[in-house]
Amino acid sequence: MDEDWLVFHPDPKSPSFCLPDGAVDAHCHVFGPSPQFPFAPERKYTPCNAGKQSLFKLRDHLGFSRNVIVQATCHGTDNRAMMDACRSSGDWARGVASVRGDVSREELVEMHHAGVRGVRFNFVRRLVDNTPRAEYFRIAQKVREFDWSIVVYFEVEDLVSLDPFLRQFTGIIVVDHIGRPNVANGIDHPDFQRFIRLMDENENIWAKVTCPERLTTRGFPYDDVVPFHKAVVERFADRVLWGTDWPHPNMKSHMPDDGALVDYIPRIATTADVQHQLLVANPMRLYWSE
């Protein structure tokens, strides 16, 4: 792995917050393990191994029932590790794949049977090479048959150009990490308000209120991120998801304790009803509706 790679927390605390029955960790990853599942030659980083056994152990320790496993960029469009984890879960996991525009229907059928229910479009240039937007439209057209959602990952400065592009899609779009706002600017900043307006005007757009450890400028306990996540949850309670982001790829400042991340949840979803929407009803409706 990379010399500066931070390995996931070896002994996370038991959360004080008791998750509702059926809670879903709706954003997590698997890395390898290699050499069974090699990392992509074109990868921008080389992580530690973090396979399905470790993920499922964490799931049980934290009190989740299910996982949504998002394809990691270190695996490129080779979705075998993610699909293997989904198949091994006994229907307790779903997947979000990364594919190319030339993906075949047969490949999509295989993914669907494995548990894939979404595809990810990554616009973060430091993580992936640029993909023509026409290719994203080809992919979206192909996965429409399977009623998959589209996950988009971008950083705040990219939303100006992406806004009209995202509005062209009719299916459900889920934005990773609320578009990675610069929390130092405050919730009234035009960048964050542009994101709120995008969700206000497009009922098909959802958001993941995830990764306070990535967004913070002050560090744990992430007080500066709470107003951003809380604003999105309170305004769009039926269109939000939460996840650990385990094993926390490319973290440089610190490695979060996943138990402490679970204890962050009631700070942004303050009632039992909203917690149930965030952690159970919404992910089940999106990923296990059939």
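Provided above is the structure to which this section pertains.
This report concerns the structure included in the present document. (Residues numbered from 1 in each chain as written. Predicted model: local features only at pLDDT ≥ 70, side-chain atom pairs only at ≥ 80, totals over all residues. Heavy atoms only, no water.)

1. Remarks on unusual backbone geometry
Following G32, the chain continues into P33 via a peptide bond in cis, with omega recorded as 5°. Within the element layout of this structure, P33 appears in the loop between strand 1 (24-28) and helix 1 (52-62). Across the junction of W246 and P247, the peptide omega takes the value -5°, indicating a cis bond. Looking at where P247 falls in the secondary structure, it is placed in the loop between strand 8 (240-241) and helix 9 (258-268). You will see that R180, though not glycine, has its phi angle at about 50°, which is positive. Take R180: it is sitting in the loop between strand 6 (173-175) and helix 6 (190-201). Residue R180 is classed as buried on the basis of its relative accessible area of 17%. The phi dihedral of D245 is positive, around 70°, even though this residue is not glycine. (Helix = DSSP H or I, 4+ residues; strand = E, 2+ residues; numbered from the N terminus. Buried < 20%, exposed > 50% of the residue type's maximum accessible area, 1.4 Å probe, protein only.)

2. Quick word on the environment of D163
Tracing the backbone through its elements, the reader meets D163 in helix 5 (residues 159-166). Along the sequence, D163 and V30 sit 133 residues apart, while their C-alpha atoms lie 30 Å from each other. Excluding anything up to four places from it in sequence, D163 contacts R194 and L198. Within the structure, D163 has its side chain in polar contact with the side chain of R167 (distance 2.4 Å). (Contact = heavy atoms within 4.5 Å. Polar contact = N/O pair within 3.5 Å; in protein donor to acceptor, adjacent residues only side chain to side chain.)

The values are spatial; any link to function lies outside them.
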